[in-house]
Amino acid sequence: MKEILVIAEHRQNELRDITFEMLTLADRTAGGNYTISTVLLGGDTTGLDGKLSGMCDRLIVMNDPALADYSADAYLAVLSRLITDRKPSITLIGHTAMGMDLGPALAVRTGIPYASDCIALELDDGQLNVERQIYGGKINTHLKLKPADTYLAGIRPGNVEPMSAGDKSTQLLDVAAPEFSEGQRRQFIEYIEAAMEDVDIAAADILVSVGRGIGKPENIPVAESFAQKIGATLSCSRPVADEGWLPKSRQVGTSGKTVRPKVYIALGISGAYQHQAGMKNAQTIIAVNTDPAAPIFNVAHYGIVGNVMAVLPELEKHF
Amino acid sequence: MNIVVCVKQVPEVTDAELTISSDGSRILADDLEMDINEWDNYAVETAVRLKEAHGGTVTAVTMGDEDSEDVLRQALAMGADEAILIDDEDFEGSDAVGIARGLHAAIKDRPFDLLLAGVQSADNGWGQVGLVLAELLQRPYASLVVDVQVDGDRLTVQRELESNTLERVSLPLPAVLTIQSGANTPRYVSILGIRRVRNIDIEETDADDLGLDEDQIGVKSSSVQELKLSLPAMGEGAEMLTGSVEEICDQTARIIREKGGLQ
Ligand SMILES: Cc1cc2nc3c(=O)[nH]c(=O)nc-3n(C[C@H](O)[C@H](O)[C@H](O)COP(=O)(O)OP(=O)(O)OC[C@H]3O[C@@H](n4cnc5c(N)ncnc54)[C@H](O)[C@@H]3O)c2cc1C
Ligand SMILES: Nc1ncnc2c1ncn2[C@@H]1O[C@H](COP(=O)(O)O)[C@@H](O)[C@H]1O
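In this numbering scheme, every chain counts its residues from 1 along its sequence in written order. Ligands are numbered from 1 and chains lettered from A, in the order in which they are written. At least 70 in pLDDT is required for a residue's local features to be given in this predicted model, at least 80 for side-chain atom pairs to be given and counted, and no such filter applies to totals for whole chains, interfaces and linings, which use all residues. Note that the side-chain values use all heavy atoms of the structure and ignore hydrogens as well as water.

Draft legend 1. The arrangement of the site of ligand 1 in detail. Nearness is defined per residue: one heavy atom within 4 Å of the molecule or strand is enough. Near ligand 1 there are 30 residues, and of these S237, Q251, V252, S255 and S270 of chain A occur at the shortest range. Close to ligand 1, residues of chains A and B are found. Pairing of N or O atoms within 3.5 Å defines a polar contact, subject to two protein rules: one partner must be a possible hydrogen donor and the other a possible acceptor, and residues neighboring in sequence count only if both atoms are side-chain atoms. Between Q251 of chain A and ligand 1, the recorded distance is 2.8 Å, taken from a side-chain N or O atom to an oxygen atom. Separating a nitrogen atom of ligand 1 from a backbone N or O atom of V308 of chain A is a distance of 2.9 Å. Per-residue accessibility takes into account occlusion by the displayed protein chains alone, with areas from the Shrake-Rupley method and a 1.4 Å probe. Coverage of ligand 1 by the protein chains reaches 90% of its 990 Å² of free accessible surface. Contributions of two or more residues to the shell around ligand 1 are made by α5 (238-242) and α6 (273-279) of chain A. Nonpolar residues are Ala, Val, Leu, Ile, Met, Phe, Trp, Tyr, Cys and Pro. Charged residues are Asp, Glu, Lys and Arg, and all others, Gly as well, are polar. For the shell around ligand 1, a count of residues per class yields seven nonpolar, 19 polar and four charged. Here a strand is any run of E in DSSP of at least two residues, a helix any run of H or I of at least four, and the numbering for each starts at the N terminus.

Here's what the structure looks like:
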């Protein structure tokens, strides 16, 4: 049977959610017609492989000290060999800090078509169709890739439910890592965790969250005053932190924090998926945006089309 | 340190109403404002700061139509020394590899120590071109970079990972980096600043000059066979609050009180 290959992702001894999300997607795409294999590279993966058992048909494990922490050179060398040898119908990789780093070079080195940041996949008689989003989530594209015997697809994180258990009989293949032909050019040094912060936005019941639509730093106090009035905490989207209008510790999203407050009030935030990933599980989401087509209205429960600087002072009067 | 930086012109879409052509192949972008891709602005700033600290030159390169000259002028006004415009219809329909092939051909014979690109383009969002270039150049690379330090003939960079975590890696020069937003504070460019660089010559080139034929670029080389655009399904969507500002705020305040457990 033809194969779908999933590149497992882990960091600091923990499998990352994207691995289980890709397994859900692999299962859905396979529809029983493909074997699902997972490849797990690491320094010492004992303790990780058990967590994948039942969720795929085959688990290919390669341990080597050079693979302990993700390293572009080593992963490229090993995975390009594996893909060339096995020719899976499709290889899935996360559109994450690891997969975004590895995917493009892996595709060039193996010479296979690569679609990055996919939200849905379909194998139509071996030919790959994918769905992606462009223009910050305001447009969807459906791509049919040219016929090829093997494809690479980057999978958007947080887009499907992660697989939590499975009843497949997983065959474990412990494979020796091939010799790396090239030296290790790029060297991993260390992880740096976020610095101590003034407030923990993840602990708040109500978040008043500002995006680029707030316009300028001078407008931040208007949101702050409103937040104070209702006993909420101020958070933000990435550009607001990038610009230094609020500290990085206030940023919601994939590269910031994941929050689940009772109420999340998004002010002038377009709703890019990296932002949505950090807030879509809030109990109630209220969004204010001048653009009626802003993607934030897809995940919001209540929407207001309007200028945040006009709405906020009015709203504050109601408390 | 000689640096090449890839910049791209993209439409400003956050506030715009987007319409799709009747055959579903493209958005009708004629009335959209164009700007430098957000991530590329950070890449240019990174390049100029490295030049200021270590000497050398900065060359900005773009592939696009003649209007893309604007982003090159922007890069020049920020401190780039030279600019290259690859303008050729034959590149239309290229995938990330086709675009990277054009950029590669335009810069491969220039001696450079560092090549910078943005993490992703705001329109396509492939997140690929910079790293495809790295592989075509056979150079080491790092993506999602928020900090760059030069240590002799090596770089130490910080890569942004998920959940407020960073990673420090070291790599030898020449290298390729893709720059993440927030890496610095890009300098502001005034109209006067742009005017000051209006006389700098921009090198123009096309597929022929670059020795690329149609099998390597454009629709023919692209991995995409068919493409169809659509507006995203609204899903459940939000309940839109309507009425006067007064009425909307009244409703909103009630929702916040009830759902937020306020008195
Ligand atoms: C690897 C990676 C990681 C990322 N991580 C994160 C992350 O953790 N968190 C995050 O937020 N982003 C993240 N991003 C960035 C993300 O892709 C978007 O660029 C970002 O979320 C956009 O922020 P925004 O909505 O504030 O700005 P924009 O997209 O510019 O949207 C501004 C919105 O404000 C509206 N608006 C304008 N004026 C007004 C007004 N007066 N009143 C009301 N509305 C108005 C506009 O219609 C628009 O919808 C990441 C990107 C990458 C590549
Ligand atoms: N047409 C282009 N001209 C110059 N640089 C480009 C072009 N397309 C992409 N790039 C560079 O590659 C980065 C990633 O783009 P993408 O792979 O399209 O998401 C951008 O931030 C630019 O630095």
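Draft legend 2. Region of the structure containing the nonpolar core. The nonpolar core is taken to be a set of buried Ala, Val, Leu, Ile, Met, Phe, Trp, Tyr and Cys residues, with the residues joined through side-chain atoms within 4.5 Å. A 1.4 Å probe rolled over the protein chains alone gives each residue an accessible area, and that area as a share of the maximum for its type sets the label: buried under 20%, exposed over 50%, partly exposed in between. The biggest cluster of nonpolar side chains holds 52 residues, and the ones touching the most others in it are L79 of chain A together with L115 of chain B. Among the elements that line this core, the one with the most residues is helix α2 (residues 72-86) of chain A, at eight residues. If we ignore the near neighbours within four places in the chain, the residues touching L79 of chain A are I7, V39, L41, L102 and L106 of chain A. Of all hydrophobic cores here, the second largest spans 38 residues; its members include A26, A30 and L128 of chain A together with W126 of chain B. We call two residues contacting when some pair of their heavy atoms lies within 4.5 Å.

Draft legend 3. Broad picture of unusual backbone geometry. With omega at -10 degrees, the peptide bond leading from L173 of chain B into P174 of chain B counts as cis. In this fold, P174 of chain B is placed in the loop between β9 (166-172) and β10 (175-179). Even without a glycine there, the phi angle at K87 of chain A is positive, about 45 degrees. As for its placement among the helices and strands, K87 of chain A is situated in the loop between α2 and β6 (90-94).

Draft legend 4. Representation of the environment of Q171 of chain A in the model. Residues and elements named next belong to chain A. With respect to the helices, strands and loops of the structure, Q171 is situated in strand β11 (residues 171-176). Separated by 115 residues in sequence, Q171 and C56 have C-alpha atoms that sit 8.4 Å apart. Contacts of Q171, omitting those with residues within four sequence positions, involve D57, R58 and L59.

The values reported here are purely geometric and, on their own, carry no functional implication.
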